[in-house]
Amino acid sequence: MRGLTVDSLNPAILNVQYAVRGELAIKAEEYRERLKAGTHDLPFNKVISSNIGNPQQIGLDQPPITFNRQVAALMEWPALAELAGDVFPADVIARAKELQSEIGSIGAYSHSQGVLFIRKNVAKFIEERDGYPSNPNHIFLTAGASSGVSLLISMLISNPKSGILIPIPQYPLYTATLAAHSGVGIPYHLDEEAEWATSAPDIESAIERARREGVEPKALVIINPGNPTGALLDEATMRNVVRLCERHGLVLLADEVYQANLHAPASHPFTSFKRVVRALGSRVPLVSFHSISKGVTGECGRRGGYLECANVGDDAIALMYKMVSVGLCPPLGGQVGVDCMVRPPRPGDASYERWKAETDATHAALAQRTKTMAARLNALPGVSCVDSPSALYLYPRIRLPEGAIEAARGAGKEPDTFYALELLDDTGICVVPGSGFGQKEGQYHYRLTCLCPGVEEYVAALERFHNKFLERYGGL
């Protein structure tokens, strides 16, 4: 009997790669366990998880928003409002009672698309943001944005020659999901020299190349703000992208989960693709994704998010509903988190001043860390780094000595993976090598988060390691 063995499984899963939680993350966890066990044979005393945008993780410790947690507490145990009523502001109690009247117990299943009341609130949020109507029946609450992305890709891949255009560098969710569903990733490159700009002509070239190879482009992924780059699209580029989708009959998949992570909103504002599509009067099918995992909310573990469909027919919406109903419903705790994200306290509410102080502090900390890290990285020999105006990451490019490249090949590693492994071994800092996101031949990068507190100590460790690494392998 073969049982559950590798050779008995779907062969597509063997092609799935997810660098954010890959070799480096596994090794970092092993180091963390050794430190917890009291080992003293490592050259560092803590592991810094700079590999993933997980704001509230131990060691990153972004404070949760008090309003959100208080509402969550009352939804978990409504009796707290009576037992400790003086702890909770009036607007928190009112919000919890309102949600309880719509949901009942959060231990019960909800509608498979998510609680209608919360979907209506998401629609109001979108309308206020964009100035155009939103249909709550075309909104699906999801277990984070990732589950929504996976749903759409699984539905779009109709045969092994179905392709999805993905930016390079890209978030590995897209290539991993395509591999799992036997689809084809069609890469188009972002322009690092122009602050990781999106180029419509480069996307056109990728489409032509795919069709010559017998691949049918079905959809275009845009990550805005960018991951791992932190780039923001301007409205002229967005209009060009929408017109390109019209010409080629593409579904536009807009990953907008970092829309609240703006470090310089006056000069680099966020504009949604929904707003651009409606302003153009375009009929391009658009699916937009958002999440409570990023922004200042940072509630990754609650698994909450939503997707909104625009210019998508009711027949396709019905099929989407059928597919999500197989999973019964998204987590209720995540749905409550979405409601708090799209309906934060307003001026005059009892919780507003505290909410404003907390969100302002998080925005300021992220902006300051990003600026400091970019400046210090750019001062290192062989390093160039675009000063990200948004999101949670920097994506520096590194020139490596020939000796390091040869050593990496001898070890059977990509050169930037080799660099990242030595960084982890020497400092306890875990990053993600650029080879996990995709990059041009002969170029090397790594992604690190701007979530780490104690930025001076953290960046100083990066600087010491980099200089030692260059010395060890012969310099540039």
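Residues numbered from 1 in each chain as written. Predicted model: local features only at pLDDT ≥ 70, side-chain atom pairs only at ≥ 80, totals over all residues. Heavy atoms only, no water.

## As for the pairing of strand 2 (residues 139–142)
Turning to step 1, where the next piece is worked out: Where burial is concerned, the two faces of strand 2 agree: the one with Ile139 and Leu141 and the one with Phe140 and Thr142 are both buried.
Turning to step 2, where the next piece is worked out: When strand 2 meets strand 8 (residues 305–310), the two strands line up antiparallel, connected through four bridges. Each residue of the ladder has a partner; that of Ile139, found in strand 8, is Glu308. (Buried < 20%, exposed > 50% of the residue type's maximum accessible area, 1.4 Å probe, protein only. Helix = DSSP H or I, 4+ residues; strand = E, 2+ residues; numbered from the N terminus. Pairing = 2+ DSSP bridges.)

## Side note on the nonpolar core
Turning to step 1, where the next piece is worked out: Counting residues in each nonpolar core, the largest one holds 76 residues, and the members touching the most others are Tyr174, Leu253, Leu307, Leu448 and Tyr458.
Turning to step 2, where the next piece is worked out: The dominant element in this core, judged by the number of residues it contributes, is helix 16 (residues 455–472), at seven residues.
Turning to step 3, where the next piece is worked out: Within the second largest apolar cluster, 33 residues are counted, among which are Ile207, Leu220, Cys245 and Ala310. (Core = buried A, V, L, I, M, F, W, Y, C linked by side-chain atoms within 4.5 Å.)

## Some points on the layout of surface pockets
Where empty space is left becomes clear once a probe the size of a water molecule has been rolled over the atoms.
Turning to step 1, where the next piece is worked out: Approximately 780 Å³ is the volume attributed to the largest pocket.
Turning to step 2, where the next piece is worked out: Lining the largest pocket are 34 residues, and of these Phe125, Ala260, Met341, Pro344 and Trp355 sit closest to its centre.
Turning to step 3, where the next piece is worked out: When residues of the lining of the largest pocket are traced back to their parent elements, those giving at least two are helix 5 (116–130), strand 7 (286–291), helix 12 (332–342) and helix 13 (352–378).
Turning to step 4, where the next piece is worked out: At six residues, the largest contribution of residues to the lining of the largest pocket is made by helix 13.
Turning to step 5, where the next piece is worked out: When grouped by side-chain class, the residues that make up the lining of the largest pocket number 16 nonpolar, 10 polar and eight charged. (1 Å grid on protein atoms, 1.4 Å probe; cavity = no way out; pocket = protein on both sides within 12 Å on 5 of 7 lines; lining within 4 Å. Points joined across faces, edges and corners; volume = space filled by probe spheres on them. Nonpolar A, V, L, I, M, F, W, Y, C, P; charged D, E, K, R; others polar.)

## Some thoughts on helix 10 (residues 273–280)
Turning to step 1, where the next piece is worked out: By the burial criterion, the buried members of helix 10 are Phe273, Lys274, Val276 and Val277. The buried side chains of helix 10 occupy one side of the element, clustering within an arc of 165 degrees when seen end-on.
Turning to step 2, where the next piece is worked out: In this fold, the buried residues of helix 10 make contact with helix 5, strand 5 (216–223), helix 9 (235–248), strand 6 (251–255), strand 7 and strand 8.
Turning to step 3, where the next piece is worked out: A positive phi of about 65 degrees marks Gly281, the residue just after helix 10. (Arc of directions from axis to C-beta. Contact = heavy atoms within 4.5 Å.)

## Topic: the sheet that holds strand 10 (residues 393–394)
Turning to step 1, where the next piece is worked out: The three strands are arranged 10-14-13 in an open sheet whose pairing can be described as antiparallel. Of all the strands in the sheet, just strand 10 and strand 13 (432–433) have a single pairing partner and so form its edges.
Turning to step 2, where the next piece is worked out: Relative to strand 14 (residues 446–449), strand 13 runs antiparallel, the two being bridged by two bridges. Along strand 14, the bridge assignment pairs Val432 with Arg447.

## What to know about a nonpolar patch on the surface
Turning to step 1, where the next piece is worked out: A cluster of nonpolar side chains, namely Met155, Leu319 and Met323, defines an oily patch on the protein surface of about 250 Å² accessible area.
Turning to step 2, where the next piece is worked out: Among the structural elements, Met323 can be located in helix 11 (residues 314–326). (Patch = residues over 30% accessible without salt bridge, like charges linked within 9 Å, V, L, I, M, F, W, Y side chains within 5 Å. Areas by Shrake-Rupley, 256 points an atom, 1.4 Å probe, with all protein chains shown as cover. Salt bridge = Lys/Arg side-chain N within 4 Å of Asp/Glu carboxyl O.)

## A closer look at the environment of Ser293
Turning to step 1, where the next piece is worked out: Relative to the helices and strands, Ser293 resides in the loop between strand 7 and strand 8.
Turning to step 2, where the next piece is worked out: Take Ser293: its relative accessible area is 4%, and that puts it in the buried class.
Turning to step 3, where the next piece is worked out: Taking the C-alpha atoms as reference points, Ser293 and Gln56, 237 residues apart in sequence, are found 9.5 Å from one another.
Turning to step 4, where the next piece is worked out: Among residues more than four places away in sequence, those in contact with Ser293 are Pro55, Gly298, Glu299, Cys300 and Arg303.

## A look at the pattern of salt bridges
Turning to step 1, where the next piece is worked out: Using the criterion set out here, one finds 22 salt bridges in the structure.
Turning to step 2, where the next piece is worked out: One salt bridge connects Arg397 with Glu193, and the closest N-O pair in it is separated by 3.9 Å. Placement of the pair is Arg397 in strand 11 (residues 397–398) and Glu193 in the loop between strand 4 (184–189) and helix 8 (200–212), with a sequence separation of 204 residues.
Turning to step 3, where the next piece is worked out: Since its relative accessible area comes to 24%, Arg397 is described here as partly exposed.
Turning to step 4, where the next piece is worked out: For Arg243, the salt bridge goes to Glu246, with nearest N and O atoms at 2.9 Å. In this pair, Arg243 and Glu246 are both assigned in helix 9, three residues apart and thus about one turn of the helix distant.
Turning to step 5, where the next piece is worked out: Each member of the salt-bridge network shares a partner with another, and the members are Arg95, Glu98, Asp339 and Arg343.

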